[in-house]
Amino acid sequence: MNEQIKTDALNAAHHLMVGGVDTLALAEAYQTPLYVYDTGAIRAEIAAFKQVFETNHVDYQISYASKAFATVAMYQLIAQEHIHCDVVSGGELYTAQQADFPMANVSFHGNNKSLAELTMALDAGVGNMVVDNFDELQQLIALTNQRQQLTTIMLRIAPGISAHTHDYISTGQEDSKFGFDLNSGQADTAVKQAQAAPFLNLVGIHCHIGSQIFELNGFEMIVDKLVGVFARWQRELDFYPQIMNVGGGFGVKYTAEDHPLQPTDFVDAIVKETIAQTKAHHVPMLEIWIEPGRSLVAAAGLTLYTIGDAKEIPGIRKYLAVDGGMGDNIRPALYQAKYEAVLAKDPTLPAEQVASIAGKYCESGDMLIWNQQLPATKSGDVLAVLDTGAYGYAMASNYNRNPRPAVVFCEQGHSQLVVQRESYADLTRLDLPLSVPEETK
Ligand SMILES: Cc1ncc(COP(=O)(O)O)c(C=O)c1O
Ligand SMILES: N[C@@H](CCCC[NH3+])C(=O)O
């Protein structure tokens, strides 16, 4: 059986269960494609992160990087767990507001926040603005002076450390669009400007080196580098941050080929390194913030599809097409990301075929999985693609005018629809007809 599946995730009939709910019943009730989340698993991941910090007796904050999966219900779940979240756009901020998420617990990221977004954040009372560049810093200084509004900020630093991950999701290197460059002294200048701003309260430094990282070493390097810089800033600029935000990026297991550490192992290493480095530099211990996105939601989510048409090219390949694809999960096409799938009616059945799972979109690259071992299948069977909880729904599109799927939360045997399936009418809701010029009427 697929090693991603825990044995308690099967019912007596061997149907795959999520949060105590039968996936075949979910497919029947809500149709497919369908995003399904085990919200108990999300809560458990949060609890595991909290525990590492608490065992180490350090001040901390966990800020969920909501770009990984943002809906009203998700922000509400995060609020229930009493952690923070970060947003990267007016749209995410708006969704958090609709969820009544406490604005004091929101951090606002982004390398090109518009004036409208900055204003929206100040109006909302966002707790922490993560300032990315000099233009934004100047805009924020002007806005806060004008409004006489004391605003808490962190500065995002590009530490000049490359994470070993896909180029598209590596962000900490010197040549990055994100953050104040550390090596050239831009970060020092930004600190001085922020210190001089009467309405900015600079509480911390942020950096994020990338996503789906499998090695501790990048995080330890950030800590070493940042604490060294903080010690210098304390001497030279009379500035010592209260908070060190090391971002997210903790890698998760998508397939049997992946061997990540536990997300909590990363945090344990970060905490221990921070304790060691602050001692070595004779500076005060820092409050440590992390921003996990993927590691909180990836494994908690799966996508249910219905198998449709099959195509077998003798001696070459068998394709099984499903009723979704790159519109609900762009990651395989965009990052060559790999997933595994099981047959929802019985993941324990022995494999009898190797099939490649194709989407229904008009692109050859619309392949969800290459060469998946599966039992015998027939049209109408429900296929569960595992670990799709991060950056699936979040990056979904209406390509080919396909409506986006619904999202269902499951916990303790109950399911709840939290995002409705889009209808065809939703697709044209914002369209306006071609206007006919007067003279041709
Ligand atoms: C600033 C920032 N924080 C946190 C995250 C979350 O990353 P991940 O989902 O890999 O944990 C990202 C995305 O890479 C990010 O850009
Ligand atoms: N969207 C990416 C992660 C990017 C993280 C954003 N900083 C993924 O699916 O892997």
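Residues numbered from 1 in each chain as written. Chains lettered and ligands numbered in written order. Predicted model: local features only at pLDDT ≥ 70, side-chain atom pairs only at ≥ 80, totals over all residues. Heavy atoms only, no water.

The name that an unreviewed UniProt entry assigns to the protein chain is Diaminopimelate decarboxylase, with the source organism given as Lactiplantibacillus paraplantarum. Within the UniProt record for the protein chain, the comment given under Subunit (unreviewed entry) is "Homodimer." (UniProt positions renumbered as here; feature names shortened; annotations may be inferred.)

1. Some points on the side chain of H15
Checked against the element boundaries, H15 lands in the segment before β1 (17-18). Beyond its immediate stretch of four places on either side in the chain, H15 contacts A9, L10, D22, L24, A344 and K345. (Helix = DSSP H or I, 4+ residues; strand = E, 2+ residues; numbered from the N terminus. Contact = heavy atoms within 4.5 Å.)

2. Describing the environment of K345
When you line up the elements, K345 lands in the loop between β15 (341-343) and β16 (353-358). Filtering out sequence-adjacent residues up to four positions away, K345 remains in contact with A13, H14, H15, L24, K378 and D381. Separated by 3.3 Å, the side chains of K345 and D381 make a polar contact. (Polar contact = N/O pair within 3.5 Å; in protein donor to acceptor, adjacent residues only side chain to side chain.)

3. Let's talk about the packing of aromatic side chains
Summed over all chains, the structure comprises 18 aromatic pairs. Plain terms: the ring middles of F49 and F250 are 5.8 Å apart, the flat faces sit at 45° to each other, and that makes the pair tilted. Residue F49 is located in helix α2 (residues 39-55), and its partner F250 is located in the loop between β11 (243-245) and α9 (263-280); the two are separated by 201 residues in the primary sequence. Like F49, the residue F250 is buried in the burial classification. Members of the aromatic cluster, each reached through a chain of ring pairs, are Y35, Y37, F69, Y393 and F409. (Phe/Tyr/Trp six-rings, centres within 6.5 Å; stacked < 30°, edge-to-face > 60°. Buried < 20%, exposed > 50% of the residue type's maximum accessible area, 1.4 Å probe, protein only.)

4. With respect to the site of ligand 1
Around ligand 1, a shell composed of 15 residues is seen, among which H208, S211, E291, R294 and Y391 lie nearest. One of the side-chain nitrogen or oxygen atoms of K67 is found 3.0 Å away from an oxygen atom of ligand 1. Note that an oxygen atom of ligand 1 is positioned 2.4 Å from one of the side-chain N or O atoms of S211. Compared with its free state, where it exposes 390 Å², ligand 1 has 93% of that area covered by protein. A class-by-class count of the residues in the shell around ligand 1 yields 3 nonpolar, 8 polar and 4 charged. (Near = heavy atom within 4 Å. Areas by Shrake-Rupley, 256 points an atom, 1.4 Å probe, with all protein chains shown as cover. Nonpolar A, V, L, I, M, F, W, Y, C, P; charged D, E, K, R; others polar.)

5. Re the environment of C362
Mapped onto the elements of the fold, C362 is located in the loop between β16 and β17 (367-374). Classification of C362 as exposed rests on a relative accessible area of 65%. Spatially, the C-alpha atoms of C362 and A73 are 32 Å apart, while their sequence positions differ by 289 residues. Not counting chain neighbours up to four residues away, the residues in contact with C362 comprise Y399 and N400.

6. Observations concerning the UniProt feature "binding site: pyridoxal 5'-phosphate" (unreviewed entry) in the protein chain
The UniProt entry lists G249, E291, P292, G293, R294 and Y391 under the feature "binding site: pyridoxal 5'-phosphate" (unreviewed entry), expressed in the numbering used here. When you line up the elements, G293 lands in the loop between β12 (287-290) and α10 (294-297). Assessed through its relative accessible area of 5%, G293 is described here as buried. With residues near it in sequence (within four places) discarded, G293 still touches Y64, A65 and A68. With respect to the helices and strands, the residue R294 is situated in helix α10.

7. A closer look at the pairing of β16
Looking along a regular strand, one sees side chains alternate from face to face of the sheet. With respect to burial, β16 is a largely interior element, 5 of its 6 residues being buried. Bridge count between β16 and β17: 5 bridges; the pairing is antiparallel. Among the inter-strand pairings, Q353 is bridged to a residue of β17, identified as L374. (Pairing = 2+ DSSP bridges.)

8. Observations regarding the site of ligand 2
As a matter of local geometry, ligand 2 sits amid 8 residues, with R294, R331, Y335, Y391 and M395 nearest to it. Separating an oxygen atom of ligand 2 from a side-chain N or O atom of R294 is a distance of 2.7 Å. One of the side-chain N or O atoms of R331 is found 2.5 Å from an oxygen atom in ligand 2. Contact with the protein chains hides 83% of the accessible area of ligand 2, taken as 310 Å² for the molecule alone.

9. As for unusual backbone geometry
Generally, phi is negative for residues other than glycine and the peptide bonds are trans, each holding for most cases. The step from T32 to P33 runs through a cis peptide bond, and the omega angle for that step is -10°. Its place among the elements puts P33 in the loop between α1 (23-30) and β3 (34-38). Even without a glycine there, the phi angle at N400 is positive, about 60°. Residue placement: N400 occurs in the loop between β18 (382-386) and β19 (406-411). Exposure remark for N400: the relative accessible area of 33% places this residue in the partly exposed category. One non-glycine residue, Q412, lies in the positive phi region at around 45°. On the secondary structure map, Q412 appears in the loop between β19 and β20 (414-419).

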